[in-house]
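Listed below, chain by chain, are the residues.
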Amino acid sequence: MRTHKTPQASGFTGHHERPLHGHALLGRGKIAEILLWRDKKLSAAIVGGFSFIWFLFEVVEYNLVPLLCHILIAIMLILFVWYNAAGLITWNIPEIYYFEIPESTFAYLYNKLNWFLMKFYDISTGKDLTLFFLTISGLWIISAIGNLFNTLNLIYLLFVCMMSLPAMYERYEEEVNYLAFRGNQDVRRLFRTLDSKFLNKIPRGPVKPKYK
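Residues numbered from 1 in each chain as written. Predicted model: local features only at pLDDT ≥ 70, side-chain atom pairs only at ≥ 80, totals over all residues. Heavy atoms only, no water.

You'll find the protein entered in an unreviewed UniProt entry as Reticulon-like protein, with Arachis hypogaea given as the organism. Listed in UniProt under the heading Subcellular location (unreviewed entry), the comment for the protein reads: "Endoplasmic reticulum membrane". (UniProt positions renumbered as here; feature names shortened; annotations may be inferred.)

Below is the structure:
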């Protein structure tokens, strides 16, 4: 009888132990729809808007303060015409709640900032030396890349990656998972070697018990 070799037998299941599906990472809200290009019109509008802002700053060399002032002037003129023409034309008068920022937005940012600070503190204490040195290496690599670009170009590059990589991953998920699996195995093997030869020899401070 002919036997078929299953993916599990080769050590790769086609997915990570924790699958990196787009919805699993990004959720199912509006952000996921934008980053995965479910709403193509909105995603294209956002990319076009950020590209236009980058063009104004980098190519036209527009300064930030004049640009903000001109944008506010334009908004004020639009609101002025809208509000005063609403009585003459069948338009709805603009309401203030159109411009209010939901409180949930600040709560979300507040929680994310606190999570980042706690994570940064835990990594910096050196409880996990592998993660500590991996984070240091990652920050050093990012700083080296940042030296090759000015701040605006770097932000725009990160934005383009954020808008393109999730959609590309969803399209080529199996290939990316396979490469990530192989890379993860190589990195684990490397850090096991470093841990056994160097990291275990570094003295650590006493671990204080946590009290509730």
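(A) Spotlight on the UniProt feature "transmembrane region" (unreviewed entry) in the protein. Per the UniProt annotation, the sites labelled "transmembrane region" (unreviewed entry) are residues 42-57 and 63-83. End C-alpha to end C-alpha, residues 42-57 measures 23 Å, and it is 100% helix and 0% strand. In the segment residues 63-83, helix accounts for 95% and strand for 0%; the C-alpha atoms at its two ends are 30 Å apart. (Helix = DSSP H or I, 4+ residues; strand = E, 2+ residues; numbered from the N terminus.)

(B) View of unusual backbone geometry. In this structure, Trp37 is a non-glycine residue whose phi angle is positive, near 60°. Structurally, Trp37 can be placed in the loop between helix H2 (30-35) and helix H3 (40-59).

(C) Inspection of a nonpolar patch on the surface at higher detail. Where nonpolar side chains cluster on the molecular surface, the patch consists of Leu64, Val65, Leu68, Ile71, Leu72 and Ile75 and spans about 550 Å² of accessible area. Note on placement: Ile75 falls in helix H4 (residues 64-85). (Patch = residues over 30% accessible without salt bridge, like charges linked within 9 Å, V, L, I, M, F, W, Y side chains within 5 Å. Areas by Shrake-Rupley, 256 points an atom, 1.4 Å probe, with all protein chains shown as cover. Salt bridge = Lys/Arg side-chain N within 4 Å of Asp/Glu carboxyl O.)

(D) Seen up close, the packing of aromatic side chains. Summed over the entire model, instances satisfying the criterion amount to four aromatic pairs. Relative to Phe159, the ring of Phe50 has its centre 4.2 Å away and its plane inclined at 20°; by these criteria the two rings are stacked. Of the two residues, Phe50 is situated in helix H3 and Phe159 in helix H7 (residues 151-171); the sequence distance between them amounts to 109 residues. Under the relative-accessibility criterion, Phe159 is labelled buried at 7%. On the basis of an interplanar angle of 25° and a centroid distance of 6.2 Å, the ring pair of Phe116 and Phe120 is categorised as stacked. Remark: Phe120 and Phe116 occur in helix H5 (residues 103-124); sequence separation between them is four residues, near one turn of the helix. (Phe/Tyr/Trp six-rings, centres within 6.5 Å; stacked < 30°, edge-to-face > 60°. Buried < 20%, exposed > 50% of the residue type's maximum accessible area, 1.4 Å probe, protein only.)

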